[in-house]
Amino acid sequence: MNFAALLERARGHASNTLSARRMDGSDHQVSVPALLDDVEALAAKLTQAGIRPGMQIGLQAGNGYEYLLWDLAAIKLGAVIHTVPEELPPEKLAALVQQHDAALWVCENRQALPGHPYRVDLADTCTDHPLAIDPAAGRLEDQDLHTRVYSSGSSGYLKGLNISRRGTEALVSDFIAAFALDPADSHLIFLPLSNYQQRLSVYGCLWAGASIRVVRHTSVFQELGAFKPSFIVAPPAIYENIYHVHGRGQQAAQKLGAFLGGNIRFMITGMAPIRHELLRAYNELGFPLLEAYGVTETGMIAWNTPATQRIGSVGRPIHPEHVHFNEESEVVIRRPFPLTQGYFDSTGSDGAQTFLADGTIATGDIGALDDDGFLYLKGRKKEIILTSGGAKFHPEELERKLTSLNGVRHAIVLQSQRGQEVVAVLVTDEADASQASGIADEDIRALNQSIPSYMHISRKVITSTIPSIDNGMLTRNLKYDRKGVYRYFQQQIEVTQA
Amino acid sequence: MSAIIDENADVEKLAGLIRLAMGDEPPVAVIAAQTRFTEDLGMQSINRLMLLSLLEQECGVSLERHMTQLVELQTVGDTARFVASLTAGH
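The rules behind the values
Residues numbered from 1 in each chain as written. Chains lettered and ligands numbered in written order. Predicted model: local features only at pLDDT ≥ 70, side-chain atom pairs only at ≥ 80, totals over all residues. Heavy atoms only, no water. Helix = DSSP H or I, 4+ residues; strand = E, 2+ residues; numbered from the N terminus. Rg over C-alpha atoms; globule rule 2.2 N^0.38 Å. Buried < 20%, exposed > 50% of the residue type's maximum accessible area, 1.4 Å probe, protein only. Contact = heavy atoms within 4.5 Å. Areas by Shrake-Rupley, 256 points an atom, 1.4 Å probe, with all protein chains shown as cover. Lys, Arg positive; Asp, Glu negative; His and termini not counted. Charge placed at Lys NZ, Arg CZ, Asp CG, Glu CD. Axes fitted to C-alpha atoms, helices over the stretch in contact; angles between N-to-C directions. Parallel < 35°, antiparallel > 145°, perpendicular 65-115°, else oblique. Left-handed = near helix turned anticlockwise from the far one by under 90°. Nonpolar A, V, L, I, M, F, W, Y, C, P; charged D, E, K, R; others polar. Patch = residues over 30% accessible without salt bridge, like charges linked within 9 Å, V, L, I, M, F, W, Y side chains within 5 Å. Salt bridge = Lys/Arg side-chain N within 4 Å of Asp/Glu carboxyl O. Core = buried A, V, L, I, M, F, W, Y, C linked by side-chain atoms within 4.5 Å. Pairing = 2+ DSSP bridges.

Trainee: So what's going on with the overall build of chain A? Residues and values would help.
Mentor: Counting its regular elements, chain A contains 15 helices and 25 strands. Radius of gyration (C-alpha) of chain A: 24 Å, near the 23 Å computed for a compact globule of 498 residues. Each of the three principal axes of chain A carries a C-alpha extent, and together these read 75 × 50 × 45 Å. By residue count, 55% of the 498 residues in chain A fall in the buried class. In chain A, 64% of the contacts between residues at least 6 apart in sequence involve partners at least 24 apart. As displayed, chain A has an accessible area near 21000 Å², and 49% of this comes from carbon and sulfur atoms. In chain A, the 45 positive side-chain charges and the 55 negative ones have mean positions that sit 1 Å from each other.

Here it is in structure tokens:
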């Protein structure tokens, strides 16, 4: 894939479609050439308004037809889309806008940026409403800068990422080749387009001629059956939920097939650890569920594919020569065209810890290759527990053992700050809570006997409070927010044992 | 009286779908109109979306345009009433 030829090539796939909801509320399905006509019209309007290559176009919107028009029109013009997460509140958006020299800001939320002279309402994308752009807006001269996006940092603040044009082209090309995308494919996108992964999928589908449907995440379950995609990308929680409801009992394969639309060729997951049992269950039922691994800073690193899969691994590295390990077994990537050039709007230490001076990108993930070249992840570097005796281990190792105990729905292993003890937070069913304490005691004693002494669990906290984004125990990516879990149970974790 | 019976039936139907959507036994023994999805049942937003897709099939009414309002509702009873109003107007 290359951007210079993307739109022209996409026009050649005349029989493929794109469908999404428009701002006027209509559910809009168009052929790809008709989509590109709308893109051209918007690009012409932008040119007339004074947009030139390298100018930034700010965009805050949820998934929809107009989002794609702005993205593709920017490609046509060589402008830089500066996309902001949909959920960023208006006051934070207003502060962010002050720091950036965008020619205009396109907003879906009518309450966002009131009175801003260069604000465009997303609903006016396809109307005759004239566009006002900031005549003093600068142009970014870097030819390789494709777009600016944000991802959430570990402590909840936003990290800005300068996305590379060549990095995007390389990654999308790898994806099309490894998964053999072609015009018979159809892709349902329901994760936010403000997360760059989804835009990569759009470019891949346009290049390969696959049909695309873009919806908001709230209707994902209805849309699977209605659109009948041949592939989807989703976090583990989605597959867990679908399996629990439709993948068990008699005629599970038929039920699951019907729910997924009957046309699935493969499904990709990542973003958080997934249970191996779940991967096995889907694959045994005939639905290839493939774990993949990447970080936005460098792009996809490894993936299982329909042709090559090993459950439990995140697949073989896409380019084995790019993948290295430092002395702490951290996965570090050295590649000619990483997906991201570097951070903007981020603290200095973040950048220096990730984009290393020697040109490698540190992922923060601890991993190892097996003899056949499959990559296994063992946890996050920053989550390593360092015991008072100087031993190190990953909480996930213990968590996997703990969640296999009867009645334990979630297990989060932390370290107390006061005594440096290993503490297990165990989420059990409320009905079992009175008994769970006794059962867990026995189980933990048995578990402690089977593991090295430095990993011994000194204390447990039994709760029926399920981790969620709302209570601060899950991140937006549905991973355990260990700091949040610690804060929630700090009193019980730090209690001095009698 | 009949409205109350209908509402109880709706809540009971919803309770069955909640059990299905959660995949496991919910952490409370009885699901009633005042039961809250997050605080009492510990439902994740994904469970809620699955519940609404099951509800759509069960009631034969499209909820797609109402998803934003539906995911804001806090209790089983509020959801039962909202869907009943849609079904009545269908």
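Trainee: With reference to specific residues and values, describe the packing of helix α1 (residues 3–11) of chain A against helix α6 (residues 196–208) of chain A.
Mentor: When two helices pack together, their arrangement is given by the angle between the helix axes and by the axis-to-axis distance. All names here are of chain A. Where α1 contacts α6, the axes come no closer than 8 Å and their chain directions differ by 55 degrees. The orientation of α1 with respect to α6, classified from their angle, is oblique. Judged by the sense of rotation from one axis to the other, the crossing of α1 with α6 is left-handed. On the side of α1, the interface is formed by Phe-3, Ala-5, Leu-6, Arg-9 and Ala-10, while α6 contributes Tyr-203, Leu-206 and Trp-207. Along the lines of polarity and charge, the residues of the contact of α1 with α6 split into seven nonpolar, no polar and one charged.

Trainee: Quick one: what's the story with helix α7 (residues 220–227) of chain A, residue by residue and with numbers?
Mentor: All names here are of chain A. Summarising burial for α7: six of the eight residues are buried, a large majority. By the burial criterion, the buried members of α7 are Val-220, Phe-221, Gln-222, Glu-223, Leu-224 and Phe-227. One or two positions beyond α7, positive phi appears at Lys-228, with a value near 55 degrees.

Trainee: Tell me what's going on with a positive patch on the surface, and back it up with residues and numbers.
Mentor: All names here are of chain A. On the surface, a cluster of positive charge is contributed by Lys-382, Lys-479, Lys-483 and Arg-487. Mapped onto the fold, Lys-479 is located in the loop between β25 (457–463) and α14 (482–488). A relative accessible area of 35% means that Lys-479 is categorised as partly exposed.

Trainee: Give me the nonpolar core: which residues, what numbers.
Mentor: Counting 75 residues, the largest nonpolar core has Ile51(A) and Trp70(A) as its most contacted members. Of the residues forming this core, the biggest block, ten residues, is contributed by helix α3 (residues 65–77) of chain A. Apart from residues no more than four positions distant in its own chain, Ile51(A) is found in contact with Leu46(A), Ile57(A), Leu77(A), Ala79(A), Ala103(A), Leu104(A) and Ile133(A). Formed by 57 residues, the second largest nonpolar core is a distinct cluster that contains Tyr243(A), Ala21(B), Met50(B) and Val83(B).

Trainee: Any chance you could break down the sheet that holds strand β7 (residues 145–152) of chain A for me, citing the residues and the numbers?
Mentor: All names here are of chain A. On the basis of which strands lie adjacent, the open sheet formed by seven strands has the order β6-β5-β3-β4-β7-β8-β18 and mixed pairing. Both outer strands of the open sheet, β6 (119–121) and β18 (340–344), are each paired with one neighbouring strand and no more. Shown here is a sheet whose adjacent strand axes are inclined to one another by a mean of 25 degrees, direction ignored. Alignment of strand β5 (residues 104–107) against β6, held across three bridges, turns out to be parallel. The residue bridging Val-106 from the neighbouring strand is Val-120, located in β6. Lying on the sheet, helix α5 (residues 165–178) is in contact with β7 and β8 (158–164); it crosses β8 at an angle near 75 degrees.

Trainee: I'd like a rundown of the pairing of strand β2 (residues 27–31) of chain A, residues and numbers included.
Mentor: Residue and element names in this part refer to chain A. In β2, alternate side chains face the same way, and those of His-28 and Val-30 are buried while those of Asp-27, Gln-29 and Ser-31 on the opposite face are not. Here strand β1 (residues 17–21) runs beside β2; their pairing, made up of five bridges, is antiparallel. Bridge pairing in β2 links Ala-20 to His-28. Counted along the chain from β1 to the antiparallel partner β2, the turn is five residues long, and its residue Gly-25 has a positive phi close to 95 degrees.

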